[in-house]
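Inside the fold
Below, each chain spelled out in residue letters.
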Amino acid sequence: MIGIGAQFPKFKKTSVVSLENGNEFYDITSEDHINNKKWMVMFWWPKDFTFVCPTEIAAFNENFEKFSERNCILLGASTDSEFVHLAWRNNHPQLKDLKFPMLADTSKSLASDCGILTDTEKVAYRATFIVDPLGVVRWVCVNDLNVGRNVAEVIRVLDALQTNELTPCNWEAGQKTLSHA
């Protein structure tokens, strides 16, 4: 698995997002957040049309503005196709109005490059990456297939990373950081 300090793998993938005028497919690349001088949070789920996944996707969507306020692009991804993503978004009440793109890694090349494919089913683990505006991985968290993640913790870690300071255990935005002295 790629780790802290590694350059996030280069990619160009088709995504789907709900727009006011309907649903639209478009390509997203690994350079988009770098060119826009933004942080990137990319979170992966194993399969569309499952049970735990929509709870996480809905939670990320509920917090979309918090990521935007932090100069951060939010991307969701799985190894399903953009057509499967679109069908799921159109048919699941919690996914109809997502504010972020769902990346389709049908070749499984990006999941493989990230080192997050399961050995048996060849689907992605529940992995979350925080990548800085230079494309460097700054945080990785991976859950087993049956365990949902905590979106508040992703935001907390993003806040801590963006301070570029030492932050103690359970630190939250607005609290004091530690001094080097």
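Read on for an overview of the structure.

This brings us to the layout of surface pockets. Here the largest pocket is characterised by a volume of approximately 160 Å³. As for the largest pocket, its lining consists of Asn63, Lys66, Arg70, Ala152, Glu153, Ile155, Arg156, Asp159, Trp171, Glu172 and Ala173. Among the elements that line the lining of the largest pocket, the one with the most residues is helix H6 (residues 151–163), at 5 residues.

A few words now on unusual backbone geometry. Here Asn71, not a glycine, exhibits a phi torsion of approximately 60 degrees, which is positive. Topologically, Asn71 is positioned in the loop between helix H3 (64–69) and strand S4 (72–78). Positive phi, close to 60 degrees, is recorded for Asn164, a residue that is not glycine. Under the relative-accessibility criterion, Asn164 is labelled exposed at 65%.

Attention now moves to empty space enclosed by the protein. Here the structure, examined in full by the defined rule, presents 1 cavity of 30 Å³ or more. The calculated volume of the largest cavity comes to roughly 50 Å³. Around the largest cavity, the lining residues are Gln7, Phe8, Lys10, Ser30, Glu31, His33, Ile34, Met40 and Gly135. Tallied by class, residues from the lining of the largest cavity come to 3 nonpolar, 4 polar and 2 charged.

So, about the packing of aromatic side chains. Applying the stated criterion across every chain yields a total of 9 aromatic pairs. For the ring pair Phe25 and Phe83, a centre distance of 5.2 Å and an interplane angle of 65 degrees mean the geometry is edge-to-face. Linking Phe25 in strand S2 (residues 22–29) with Phe83 in helix H4 (residues 82–91), this pair joins segments that are 58 residues apart in sequence. Under the relative-accessibility criterion, Phe83 is labelled exposed at 54%. Aromatic pair Trp45 and Trp88: ring centres 6.3 Å apart, planes at 50 degrees, arrangement tilted. Placement of Trp45 in the loop between strand S3 (39–44) and helix H2 (52–62) and of Trp88 in helix H4 is noted, with a sequence separation of 43 residues between them. Comparing Trp45 with Trp88, the two get one shared label, buried.

Conventions and cut-offs
- Residues numbered from 1 in each chain as written.
- Predicted model: local features only at pLDDT ≥ 70, side-chain atom pairs only at ≥ 80, totals over all residues.
- Heavy atoms only, no water.
- 1 Å grid on protein atoms, 1.4 Å probe; cavity = no way out; pocket = protein on both sides within 12 Å on 5 of 7 lines; lining within 4 Å.
- Points joined across faces, edges and corners; volume = space filled by probe spheres on them.
- Helix = DSSP H or I, 4+ residues; strand = E, 2+ residues; numbered from the N terminus.
- Buried < 20%, exposed > 50% of the residue type's maximum accessible area, 1.4 Å probe, protein only.
- Nonpolar A, V, L, I, M, F, W, Y, C, P; charged D, E, K, R; others polar.
- Phe/Tyr/Trp six-rings, centres within 6.5 Å; stacked < 30°, edge-to-face > 60°.

Read these as spatial facts, not as claims about activity.
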